[in-house]
Structures are given as C-alpha cells and as structure tokens.
Amino acid sequence: MSLLVKTSIAALARHRAVAVSTRLSSTAVPQRPKILVVGGGTGGLTAANQIYNRFAKAGKSLGEGDVVILDSAHYHYYQPGWTLVGGGLKDKSSQQLRRRLADIVPDHITLIPENVVSFSPKTSSVTTTSGNSISYDVLVVAAGIQINWDSINGGLRRALADPSSGVSSIYSYETCDKTWNDIESMRTGKAIFTQPAGPVKCAGAPQKIMWMAWDRYRQTNRGNNVKCEFWTGMPTMFSVPKYSEILNALRIERGIRGEFGHNLVSIDSTERIATFKKADGSTVQTDYSLLHVTPPMGPPTFIKDSPIADAAGWVDVNDATLQHKNPDYSNIFALGDCSSLPTSKTAAAITAQAPIVAENVFTFLDSGKVSGAAYDGYTSCPLITSYDALLLAEFTYGAKPKETFNKWFGIDQGKPRRVFFEMKRSLFSWVYFQYFVTGKWYGPHGFRRPDL
C-alpha cells in the first residue's frame, strides 16, 4: 500500500473519531429502520453499503437511521488473511487484516453494538442482547457461521492455548499465529492437517495451510524428516471435480498421505493421539507431532433455533433471489455463510450475492416484489499450493467452473500460477478494505456493478 493511501486512511480515521465515539456510546435505537442488517462481517457490511448505494443511484437516497447494522464486535477481520498468518506471510495485528468495526462503517449507516438473540418475523422485529426490540421494513441476515470448537473431545481449546501442544488452527484470530510457530519449530515427525465433513468457511483453507507447510519443510531441508498427511471427512480433495483431480494428483506427486471420509472427533494432546471416525461408525487412532485442526462448523445457534431457519439451521432463502422461502417472511433476505445457499461459503461468494440482495431489497421496498436479479452460485477459492503458486478456483452451482481469467485471457485457472499467488499475498486484503466491504467491488466484474 502506498504512503499516500496510508496517509489518507489515517486522516480519514482522525476526521471520523468524534463521530465514531458518539455512535458507539449512544444507546439510542432508530424508531424503525427501513433496512436492518444482522452482522457486521463481510456479508453485512457489503450488503448494507450496496443497498444504500442502490437507493442513491435511483435518486431515492436513504436518510439517517434508515440502514442499521447490529453487531457487538469491536474488530472486523479480513479472515482470508489468517491462512497467510499461519504460513508466516502476514502479521495478524496488521491493518491489512484487522480494523475497528466502527472505523469502517460509514457515517450514513448506523451501527448498534449489540447482537440479536431472537427473531420475530411475524411482527418484523428482532430482540437484542440488551432486551431492545427493533422493528424493520426489511431484514438482511448476514451473521456468518458458528465454529464448534467443543465438538472435538479431549480439550481442543486447552491444547490450542498450550504453546507446546503441537495443536493449532488458522480458524481464529487468537490461534492463527500459533500455526506458524508450530510449523517453524517442527524438525521431524508427522504433521496432520484435518478437515471435517460438512460446510466450513473457505473449504480450501485446510489444505492451503498444508501445502504451505509442505513447501516450507522442503525449502528448509526438512522435507525428508517431516511427513505431511491430510485427513478429511470429505470424499475428495475438493468439491469441484476439475480442481479436485488436479489437487489430488499434486498430493500424490508430493507424497502426502490422504485419508478420506475420516472426521476428527477427539484429541489427546498429552500423548499426541488423534481419533477419527469413519462413515461406518468405526474409529481410527493415529499419532502426530503437529496437528492442524479445522473444527466442525454450523449455523449460529440463535438462527438455528429461530423460525427463519430451515431444517438444517440455516436461513431458508431462495437459491436465486436470496429472499426467504416462506411467503409470510418475504421481507427477509440472507447472504453469506449463515444462508441456506448450496454453494461454498467464502468471502468471494459475497461479491456475487450482495448485488442480488441490494437489487431485490430495493425493488421489494419500491414495488413490493423482487426483481429478476438471480444469483448463480458464484464463489471462489484461491488455493495456495506453495509459496509461489496458487490455483484460483471459481465456480457456480453444480460445481461448474466459471473462471474469470479464462474468460478474459484464455488462462486455465486449474494450473497453479505465481501471479495468482502474488494477488492473494499482496492485493486482496487492500481491495477488501478499500472497495469490497465499502460496496464498490463486484468480484469478477471488478469495479463495475453487474447489470441486473
């Protein structure tokens, strides 16, 4: 990032300091916001900004208190960067990866530092942690995914907090740097990298960190002394056949053992034993020197136990319009990890989902109906395969590749490339904070809002 950009950001932060302080200290709740957004993560921030911009584009600018975000988080994280922290490429406290949430919510959007505890869709209202009841015209749910650390028996949290346990995970801010420490300190033995069955945020991340560890050991002449293994609850390396075949061939070429259909269920960090359950219910134990854990994940409990959830616990929305499937809840929309959308849960998916939500929220409030804007399931997973190569997977519903650079330049993104790795390492986090969550980045469309 240039000095000019850094100076501009610093000046902007100083300019907004008084306004932000007032916002956070205020307990006033808008009477009835037009759009209430649950969650200030990637989906919530992006959707809120794009909705506001959509109304402004139509000459129907929203006023103060019309768009409200509910989220008690102090910080907003660029979570894809945690993989880079685990690989020794980023400092987790860097402004590239973490900023105060209040600093990145614009003044024309109201941030209330509370979380939702329950939904009352029949009365178009939610209840917050303080007991406030907030009504809305339209509700946008973007509450992310819940990480179920305690689903792994044997004291996973305790092992993660122990510097000498050999157990780590890139799936939290608190532990992502421990991953790098464990990788660097290991001299010999077995390094196991796990992935559970079922949805996780960025399903490629469990193997990204494995590929980097493998490459680090090779670069530092430890490759013959450290054996990397991939134990996954999934049946293949990746959900998209094209990319899965390439990654599996790479695994075999690099001599990495793969155990498929194996879910991590418990650890013994004292004896360094991991227990996995197979599909038939039987269990398998193996020793480890290093264990990188991708914990099971699922819908947030406050959504799962609510009337807006489907049978699996996700917000039950139409795959194309992102509007709730229940006609009685037609003023509810959802996007991102908490939604029922049958696609990979990644930040990149938001670039395609947010414009659909913005367009359909606008037309719903304007005419009572959603537009013809439809989401095709687009998502992307930048799969680091070494410290100088990245396979840029892009695909839609049905696991169909939809490769941007292939379309533009005829480049097969199934081949790991240096240029994609440099984009991931140096460009993506800057784009994220400058344009993505501010509602000005549209993924494959770049800075141009797609025609909907």
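Before reading on, note that the structure itself is shown above.
Model, not experiment: these values are computed from the prediction.

Parameters at a glance
- Along every chain, residues carry numbers that run from 1 in the direction the sequence is written.
- With pLDDT at 70 or above as the cut-off, local features in this predicted model cover only qualifying residues; side-chain atom pairs require 80 or more to be listed or tallied, and sums for whole chains, interfaces and linings still use all residues.
- Hydrogen atoms and water are omitted, and side-chain values are computed over all heavy atoms in the structure.
- When a carboxyl oxygen of Asp or Glu is within 4 Å of a side-chain nitrogen of Lys or Arg, the pair counts as a salt bridge.
- With a 1.4 Å probe rolled over the protein chains alone, any residue whose accessible area is under 20% of its type maximum counts as buried; one over 50% counts as exposed, and the rest are partly exposed.
- Buried and open spaces are told apart on a 1 Å grid over the protein atoms alone, a cavity being a set of points where a 1.4 Å probe fits but cannot get out and a pocket being an open set with protein on both sides within 12 Å along at least five of seven lines. Residues with an atom within 4 Å of a point are the lining residues.
- Grid points are joined across faces, edges and corners, and a volume is the space filled by probe spheres set on the points.
- In this classification, Asp, Glu, Lys and Arg are treated as charged, Ala, Val, Leu, Ile, Met, Phe, Trp, Tyr, Cys and Pro as nonpolar, and every other residue, Gly included, as polar.
- Each nonpolar core is a collection of buried residues, namely Ala, Val, Leu, Ile, Met, Phe, Trp, Tyr and Cys, held together in the definition by side-chain atoms within 4.5 Å.
- The way it works is that DSSP assigns letters per residue, a run of H or I at least four long becomes a helix, a run of E at least two long becomes a strand, and they are numbered from the N terminus.
- All axes here are fitted lines through C-alpha atoms, helices being fitted over the stretch that makes contact, and every angle between N-to-C directions spans 0 to 180 degrees.
- Just so you know how the angles are binned, under 35 degrees is roughly parallel, over 145 roughly antiparallel, 65 to 115 roughly perpendicular, and the rest oblique.
- Handedness of a helix crossing follows the sense of rotation of the near helix relative to the far helix, less than a right angle counterclockwise being left-handed and clockwise being right-handed.
- For this analysis, residues touch if any pair of their heavy atoms sits within 4.5 Å.
- For two strands to count as paired, DSSP must find a minimum of two bridges between them.
- Side-chain rings of Phe, Tyr and Trp (the six-membered ring for Trp) are treated as a pair once their centres are within 6.5 Å; stacked means planes under 30 degrees apart, edge-to-face means over 60, and tilted covers the remaining angles.
- Cation placement over rings: the criterion is NZ of Lys or CZ of Arg within 6 Å of the ring centroid and within 35° of the ring normal.
- Handedness of a crossover is defined as follows: with both strands directed away from the viewer, a clockwise route from the first strand across the helix to the second makes it right-handed.
- A helix is expected to reach a length of 1.5 Å times the quantity of its residues less one.

### A closer look at the pattern of salt bridges
It is possible for side chains of opposite charge to pair when their charged atoms get near one another.
Part 1 of the argument: Going through the model one piece at a time under the given rule, you end up with 21 salt bridges.
Part 2 of the argument: For K325, the salt bridge identified is with D316, shortest N-O distance 3.6 Å.
Part 3 of the argument: A salt bridge links R448 to D451; its shortest N-O distance comes to 3.9 Å.
Part 4 of the argument: Accessibility expressed as a relative area gives 45% for R448, which makes it partly exposed.
Part 5 of the argument: A single salt-bridge network, built from bridges that share partners, covers R54, E359 and R449.

### Looking at empty space enclosed by the protein
Part 1 of the argument: As enumerated under the stated definition, the model contains one cavity of 30 Å³ or more in all.
Part 2 of the argument: Lining the largest cavity we find G336, D337, S339, L341, T343, S344, K345, T346, A349, I350 and Q353.
Part 3 of the argument: Here the lining of the largest cavity is composed, by residue class, of three nonpolar, six polar and two charged.

### So, the nonpolar core
Part 1 of the argument: Grouped together as the largest cluster of nonpolar side chains are 69 residues, with contacts concentrated most on I35, V140 and V141.
Part 2 of the argument: Tallying contributions element by element places helix α10 (residues 347-367) first for this core, with ten residues.
Part 3 of the argument: Among the nonpolar cores identified, the runner-up in size contains 60 residues, and F230, A274, Y288 and F395 belong to it.

### Describing the packing of helix α6 (residues 176-185) against helix α7 (residues 205-219)
Part 1 of the argument: As a packed pair, α6 and α7 sit with axes 10 Å apart at the nearest point and diverge in direction by 30°. For the element pair α6 / α7, the angle class is roughly parallel. In this structure, α6 crosses over α7, and the sense of that crossing is right-handed. For the pair α6 and α7, contact is made by T179, W180, D182, I183 and E184 and by I209, A213, R216 and Y217, respectively.
Part 2 of the argument: In terms of residue class, the contact of α6 with α7 is built from five nonpolar, one polar and three charged.

### Here we look at the pairing of strand β16 (residues 273-278)
For a regular strand, side chains alternate in direction, first toward one face of the sheet and then toward the other.
Part 1 of the argument: Direction of pairing for strand β15 (residues 262-268) relative to β16: antiparallel, over a ladder of six bridges. Residue pairing across strands places L264 opposite F276, the latter belonging to β16.
Part 2 of the argument: What sits between the antiparallel neighbours β15 and β16 is a turn of four residues, in which R272 has the positive phi angle 55°.
Part 3 of the argument: Both β16 and strand β17 (residues 283-287) contribute to a ladder of five bridges, which runs antiparallel. When the bridges of β17 are listed, A274 appears paired with T286.
Part 4 of the argument: Count of turn residues in the β16/β17 antiparallel hairpin: four residues, of which G281 carries a positive phi of about 95°.

### Re the packing of aromatic side chains
Part 1 of the argument: As enumerated under the stated definition, the model contains 20 aromatic pairs in all.
Part 2 of the argument: Through successive ring pairs, a cluster of aromatic residues spans Y75, Y77, W82 and Y173.
Part 3 of the argument: Just above the ring of Y173 sits the side chain of K92; from NZ or CZ to the centre is 4.6 Å.
Part 4 of the argument: The ring of W314 carries K345 above its face, with NZ or CZ at 4.2 Å from the centroid.

### Brief notes about the pairing of strand β1 (residues 35-38)
Part 1 of the argument: Alternating positions in β1 separate into two faces, I35 and V37 on one and L36 and V38 on the other, with burial throughout.
Part 2 of the argument: Sheet analysis places β1 next to strand β9 (residues 138-141), joined by four bridges and oriented parallel. Along β9, the bridge assignment pairs I35 with V138.
Part 3 of the argument: Sheet topology note: the β1/strand β2 (residues 67-70) ladder contains four bridges and is parallel. Bridge pairing in β2 places L36 opposite V68.
Part 4 of the argument: Crossover β1 to β2 through helix α2 (residues 42-57) is right-handed.

### Notes on α7
Part 1 of the argument: For α7, built from 15 residues, the straight-helix expectation of 21 Å at 1.5 Å per residue is met to within 8% by its first-to-last C-alpha distance of 21 Å.
Part 2 of the argument: Of all 15 residues making up α7, twelve are buried, and the element is well covered by its neighbours.
Part 3 of the argument: Taken together, the buried positions of α7 are A205, P206, Q207, K208, I209, M210, W211, M212, A213, W214, D215 and Y217.
Part 4 of the argument: N221 lies just past α7 and shows a positive phi near 60°.

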